[in-house]
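Examining the three-dimensional arrangement
Read off the chains here:
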Amino acid sequence: MTATHDHEHAIRQLLGSLVGALRAKDLDAVREIYAPDVVSFDVEPPLRHVGIDAKLRNWVQVFDAFATVDYELRDLALTVDEHVAFGHALGRLGGTLADGTPVPGTWVRGTFGLRRDGERWLVAHDQVSVPVDVRTGAAAVDLEP
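These notes cover the structure that comes with them. The structure displayed is predicted, hence computed values, not measured ones. (Residues numbered from 1 in each chain as written. Predicted model: local features only at pLDDT ≥ 70, side-chain atom pairs only at ≥ 80, totals over all residues. Heavy atoms only, no water.)

Looking only at helices and strands, the protein chain has three helices and six strands in total. Since a compact globule built from 145 residues should have a radius of gyration of about 15 Å, the 16 Å found for the protein chain is in line with a globular shape. Once the C-alpha set of the protein chain is aligned to its principal axes, its extents read approximately 45 × 35 × 30 Å. Within the protein chain, the fraction of its 145 residues that count as buried is 34%. When contacts within the protein chain are restricted to residue pairs at least 6 apart in sequence, long-range pairs at least 24 apart make up 51% of them. Carbon and sulfur atoms make up 56% of the accessible area of the protein chain, which amounts to about 8,300 Å² in all. Both charge centroids of the protein chain, one from 14 positive and one from 22 negative side chains, sit 3 Å from each other. (Helix = DSSP H or I, 4+ residues; strand = E, 2+ residues; numbered from the N terminus. Rg over C-alpha atoms; globule rule 2.2 N^0.38 Å. Buried < 20%, exposed > 50% of the residue type's maximum accessible area, 1.4 Å probe, protein only. Contact = heavy atoms within 4.5 Å. Areas by Shrake-Rupley, 256 points an atom, 1.4 Å probe, with all protein chains shown as cover. Lys, Arg positive; Asp, Glu negative; His and termini not counted. Charge placed at Lys NZ, Arg CZ, Asp CG, Glu CD.)

Okay, the sheet that holds strand E2 (residues 49-50) next. Sheet architecture is open: six strands sit in the order E2-E1-E6-E5-E4-E3, paired in mixed fashion. Pairing within the sheet leaves two strands with one partner each, and these edge strands are E2 and strand E3 (66-80). Here strand E4 (residues 84-97) pairs with strand E5 (residues 102-117) via twelve bridges, running antiparallel. Counterpart to Ala 85 in the pairing with E5 is Leu 114. Against the sheet, helix H1 (residues 3-23) makes contact with strand E1 (34-41), E3, E4, E5 and strand E6 (120-129), and its axis sits at roughly 165° relative to E3, the strand it touches most. (Pairing = 2+ DSSP bridges. Axes fitted to C-alpha atoms, helices over the stretch in contact; angles between N-to-C directions.)

For H1, with 21 residues, the first-to-last C-alpha span of 30 Å sits near the 30 Å given by 1.5 Å per residue. For H1, the set of buried residues is His 7, Ile 11, Leu 14, Leu 15, Leu 18, Val 19, Ala 21 and Leu 22. Viewed along the axis of H1, the buried residues span an arc of 170°, placing them on a single side of the element. Backbone geometry just downstream of H1 places Lys 25 in the positive-phi region, at approximately 55°. (Expected span 1.5 Å × (residues − 1). Arc of directions from axis to C-beta.)

Where E3 and E4 come together, twelve bridges link them in antiparallel fashion. Bridge assignment links Leu 73 to a residue of E4, and that residue is Gly 91. Taking the residues that link successive antiparallel strands as the turn, the E3-E4 hairpin has three residues.

Here the focus is unusual backbone geometry. For the bond from Pro 45 to Pro 46, the omega torsion is 5°, close enough to zero to count as cis. Relative to the helices and strands, Pro 46 resides in the loop between E1 and E2. Backbone geometry at Asp 75 places phi at a positive 60°, although glycine is not the residue there. Topologically, Asp 75 is positioned in strand E3.

Here it is in structure tokens:
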């Protein structure tokens with residue numbers, strides 16, 4: 001195996017750990033995946049979330065709203081070198097709300113920027129978006145991969 005292949009494998013494991021941490025509603029495990037100075041362009045306001053605490057506030061809101069969380073990451077593609085990597089995938093957050101209402105979830109587009117910190121990789125940037133109908137300004141939240 002090449003070093004690049006090893007790094008790609010480690011990043012895939014890291015993002016798999018993120019999915020597991022979200023499903024477990026484990027905020028401490030989520031914290032370990034992100035760089036302390038992460039910049040996140042999430043679907044929730046404001047336009048930019050700077051720092052791990054700002055990033056985690058979004059997940060706290062999700063964990064409070066959902067009794068159970070399901071998260072899926074699909075079609076992950078990565079470009080990796082020794083120090084930095086970027087990737088993109090489709091993601092879907094769903095589960096059961098605190099009142100028992102099942103939520104199948106909406107597919108979103110996700111982009112990840114990662115950097116190597118010693119022997120481990122951290123998410124230093126992420127962006128989540130939904131397509132928008134430019135004529136109406138409405139989000140297209142009914143799309144399926």
